[in-house]
Amino acid sequence: MSEDTISVPAQWRAQHPTTPHIVSLLDYHALYNESIQNPSAFWSKQAKELLSFTRDFHTTNTGSLENGDNAWFVGGGLNACFNCVDRHAIQDPHRAAIIYEPDNPADESRVITYSELLRHVSQLVGFLRERGVRKGNIVTIYMPMIPEAVVAVLACARIGAIHSVVFAGFSAEALRDRIQDAKSTVVITTDEGRRGGKTISTKRVVDEAARECPEITTLLVYKRTGADIPWMAGRDVWWDEELKRYPAYTPRKSWIQRTTCSYFTHPDRLESRKDTAGYLLGAAVTGKYVFDIHPEDRFFCSGDIGWITGHTYVVYAPLALGCTTVIFEGTPTYPSHTRFWEIIQRHACTHFYGAPTAFRLLKRSIEKKDLQNIDNSQLRVLGSVGEPIAPEIWKWYYEFMGNENAAVTDTYWQTETGSHIIAAYAGVTPMKPGSATLPCLGIDLAIIDPVSDEELKGNLVEGVLAIKQPWPSMARTIRGNHDRYMDSYFNVYKGYYFTGDGAFRDQDGYYWIRGRVDDVINVSGHRLSTSEIESALIEHASVAEAAVIGVPDELTGQAINAIVSLKNNHMTETIERDLVVQIRTTIGPFAAPKKVLVVQDLPKTRSGKIVRRILRKMLTGETEFGDTSTATDPSVLGEILKVISCV
Ligand code: PRX
């Protein structure tokens, strides 16, 4: 192995409270080879071991990547909620399922056992069913990170309804579009939320969104703060008052679910549909082997359940494996920068999973002396997700969060993949700061040369990352737009799943993710499509044309720069600010551009396409723009450069 490798800490295995699920790299290789050489047998065995089926499947998988028609566990039936709640409640009812850490550490945290979780979920199922929610309907959930959000997700899964969890940072307009797309008649929210000491007016946002969603018949409101809020009699109902009327257990026959009905909406409007059993198996297998989760563990993933990280690793993976999931309502810096360490200590967390954007922020302000009263020696595994983690941030994480005792796993994956694709197996894979390391079980990777479209074999190759074999938690379609699904993932390189990321395979076969090769921007681990932001800008009455570019940013990974031209070049004093507000209200504050540049005209090809490549080079300070001869009017470039240099 090359010299930048860090071996698993010597005491890792010695201090393990039980026995790791995989004990050596050889074991990993043996399992991996089995998963690639005989995937059907491998996944069938894993499914039977980790999931409880109500009806056995007769075929492990069918279809091909070429045709984009993969299906898993065909003929089988299971219920995701039964797998995440009932079977643990039956076996060990008093085990903690959820630990809730409120935004303000002075407020009391709550522990919800598996049997309590089963009761809460069953009562919500009773309510939802009475309100007409059936298998296949979509319930929209717009809630802060509180246990009731997880209860809502699981209640939908129990019915076989689809949960569309909309991140509570989205604006009323963005929420409205998602409710309309989903045709939700039932929406679940809170009176308010709290985040980083600030109030989020969840109910007010839903009220505003609902003005244009006449199909909503029920708005279920959990009382989080007790604030005075507007109320629409007949439509709005309180969670606490309603749910107690329903039985604490829903009988089994009403919730058997075929394996093909779980969807969720991704915030950038990509709506994927997954096999329930396949998705749950991806979550459980990666939870078990990548994170080495055991039932006694307390797993703290700081992601929001409105994004895929929270979806899979706050809810489904830890609960499918029967451990305790820690739900944190707040932010890493409130009330102080040591909040994560304090939570990990207070709840004796064995795992922590977060994003490099938070680590970069904390690295700036935390000193060793701030942590001298912290004892987090029980912490075994540290995960990183969402964007590449720079080697110096990796090393900081290893040292400051894990005291060089915990294994670090940089997990590369995507909403569409459902669960990890490349990751170090905790306690097993020798680590390299900055590399996501080796492929996960069942994931057959390929690096494709973007010029020749040929797969590049061997090590020391760089190109586009693709996957050659189907895996259970992959998205099976985009709801209502299967052609887009085929074009985005399967028609780019025939026979491969196209990830959209560039990658390098080093001399040891380790993977280094280089970032997106398409027009996706990653700001603080939030994936945003440039076209959605550009559409929001163009909706503004003064904007003629807009181009959105992601530029490197020390803190957020990438930052959004918007370049616009105005109708009749009619400049106003407040235009830049107005356009930031426009994006905040159309999408949400997390999509707000760091810079808005107003120019006379944008560089275009003769056929009228905006040449973003040139704009990107200008914004990143490059002086060579490549071939500019296709731009309609080269003089516009000089004017844009002038504007850039003035900002
Ligand atoms: O570009 C990759 C980046 O995030 C994209 C997926 O975004 P999303 O669907 O929102 O899911 C984020 C959480 C899984 C990928 O195409 N990405 C995610 N994890 C990593 C990463 N880039 C580098 N290293 C990672 N560990």
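Keep in mind the model is a prediction, meaning the values are calculated, not measured.

Novice: Explain the UniProt feature "domain: AMP-dependent synthetase/ligase" (unreviewed entry) in the protein to me, please; I cannot follow it from the model alone.
Specialist: According to UniProt, the positions carrying the feature "domain: AMP-dependent synthetase/ligase" (unreviewed entry) are residues 86-238 and 285-471. Across residues 86-238, helical content stands at 37% and strand content at 25%; the span's end C-alpha atoms are separated by 26 Å. Across residues 285-471 one finds 25% helix and 19% strand; the C-alpha atoms that close the span lie 12 Å apart.

Novice: Explanation requested: the site of the ligand in the structure shown.
Specialist: Looking at the ligand, there are 18 residues lining it, with T411, T415, D501, R516 and R527 nearest. Side-chain polar atom of D410 to a nitrogen atom of the ligand: 2.8 Å apart, as the coordinates give it. In this structure, R516 approaches the ligand through a side-chain N or O atom, which is 2.6 Å from an oxygen atom. Computed on the free molecule, the ligand has an accessible area of 530 Å², of which 97% lies beneath the protein chains in the complex. Taken together, the elements giving at least two residues each to the shell around the ligand come down to α11 (308-320), β18 (407-411) and β24 (511-516).

Novice: Honestly, the domain arrangement of the protein in this entry has me stumped. Any pointers?
Specialist: Frequently, the measure chosen for interface size is the accessible area removed from exposure when the parts meet. The assigned domain composition of the protein is domain 1 (34-410), domain 2 (447-516) and domain 3 (520-646). Measuring from the centre of the C-alpha atoms in domain 1 to the corresponding centre in domain 3 gives 35 Å. Counting residues at the interface gives 18 residues for domain 1 and 19 residues for domain 3. Here domain 1 and domain 3 share an interface that buries about 1,500 Å² over both sides, 49% of which is from carbon and sulfur atoms. Counting every contact that joins domain 1 to domain 3 gives two salt bridges. Across the pair R364 and E554 runs a salt bridge whose closest N-O atoms are separated by 3.3 Å. The interface formed by domain 1 and domain 3 holds nine residue pairs in polar contact (both at pLDDT 80 or more) in total. Listing elements by their share of the side of domain 1 that touches domain 3, those giving two or more residues are α7 (172-182) and α13 (356-365). Here the side of domain 1 that touches domain 3 gets four residues from one element, more than from any other, and that element is α13. Tallied by class, the residues present in the side of domain 1 that touches domain 3 amount to six nonpolar, five polar and seven charged.

Novice: What am I meant to see in the nonpolar core here?
Specialist: In globular proteins that are soluble, nonpolar side chains generally tend to be buried together. Counting residues in hydrophobic clusters, the biggest one holds 123 residues, and the most contacted among them are L117, L124, L154, I188 and Y316. The dominant element in this core, judged by the number of residues it contributes, is helix α6 (residues 147-159), at 10 residues. Structurally, this core is a two-domain feature, drawing no fewer than three residues from each of domain 1 (34-410) and domain 2 (447-516). Ignoring anything within four residues of it in the chain, the contact list for Y316 reads A80, C84, V153, L154, A157, H163, Y279, L280, A283 and H311. A172, V187, V564 and V598 belong to the second largest nonpolar core, which has 42 residues in total.

Novice: Looking at this structure, how should I read the sheet that holds strand β7 (residues 186-190)?
Specialist: Paired through their backbone hydrogen bonds, the strands of a sheet run either parallel or antiparallel. Taken in spatial order, the five strands line up as β6-β5-β7-β10-β11 in an open sheet, and their pairing is parallel. Every other strand in the sheet has two partners, leaving β6 (162-165) and β11 (236-238) as the edge strands with one partner each. When the angles between neighbouring strand axes are averaged without regard to direction, this sheet yields 25°. Pairing of strand β10 (residues 218-222) with β11, which is carried by three bridges, proceeds in the parallel orientation.

Novice: For this particular structure, what's the right way to read the packing of aromatic side chains?
Specialist: Each aromatic ring pair is summarised here by two numbers: the centre-to-centre distance and the angle between the ring planes. Tallied over the entire structure, the rule returns 40 aromatic pairs. Considering the side-chain rings of Y279 and Y316, the 5.4 Å spacing of their centres and the 85° angle between planes classify their relative orientation as edge-to-face. Note that Y279 is positioned in helix α10 (residues 276-289) and Y316 in helix α11, a separation of 37 residues in sequence. Each of the two residues, Y279 as well as Y316, counts as buried.

Novice: Would you mind showing me how to read the packing of α7 against helix α8 (residues 202-210) here?
Specialist: Two quantities define a packed helix pair, namely the angle between the helix axes and the distance between the axes. Remark: α7 packs on α8, axes separated minimally by 8 Å, with the N-to-C direction vectors making an angle of 55°. It follows from the interaxial angle that α7 and α8 lie oblique. Where α7 crosses over α8, the handedness of that crossing is right-handed. Facing α7, whose interface residues are A172, L175, R176 and I179, α8 presents V205, V206, E208 and A209. A breakdown of the residues in the contact of α7 with α8 according to their chemical character gives six nonpolar, no polar and two charged.

Reading guide: rules and limits
Residues numbered from 1 in each chain as written. Predicted model: local features only at pLDDT ≥ 70, side-chain atom pairs only at ≥ 80, totals over all residues. Heavy atoms only, no water. UniProt positions renumbered as here; feature names shortened; annotations may be inferred. Helix = DSSP H or I, 4+ residues; strand = E, 2+ residues; numbered from the N terminus. Near = heavy atom within 4 Å. Polar contact = N/O pair within 3.5 Å; in protein donor to acceptor, adjacent residues only side chain to side chain. Areas by Shrake-Rupley, 256 points an atom, 1.4 Å probe, with all protein chains shown as cover. Domains from an automatic or database assignment. Contact = heavy atoms within 4.5 Å. Buried area = accessible area lost by both parts, 1.4 Å probe. Salt bridge = Lys/Arg side-chain N within 4 Å of Asp/Glu carboxyl O. Nonpolar A, V, L, I, M, F, W, Y, C, P; charged D, E, K, R; others polar. Core = buried A, V, L, I, M, F, W, Y, C linked by side-chain atoms within 4.5 Å. Buried < 20%, exposed > 50% of the residue type's maximum accessible area, 1.4 Å probe, protein only. Pairing = 2+ DSSP bridges. Axes fitted to C-alpha atoms, helices over the stretch in contact; angles between N-to-C directions. Phe/Tyr/Trp six-rings, centres within 6.5 Å; stacked < 30°, edge-to-face > 60°. Parallel < 35°, antiparallel > 145°, perpendicular 65-115°, else oblique. Left-handed = near helix turned anticlockwise from the far one by under 90°.

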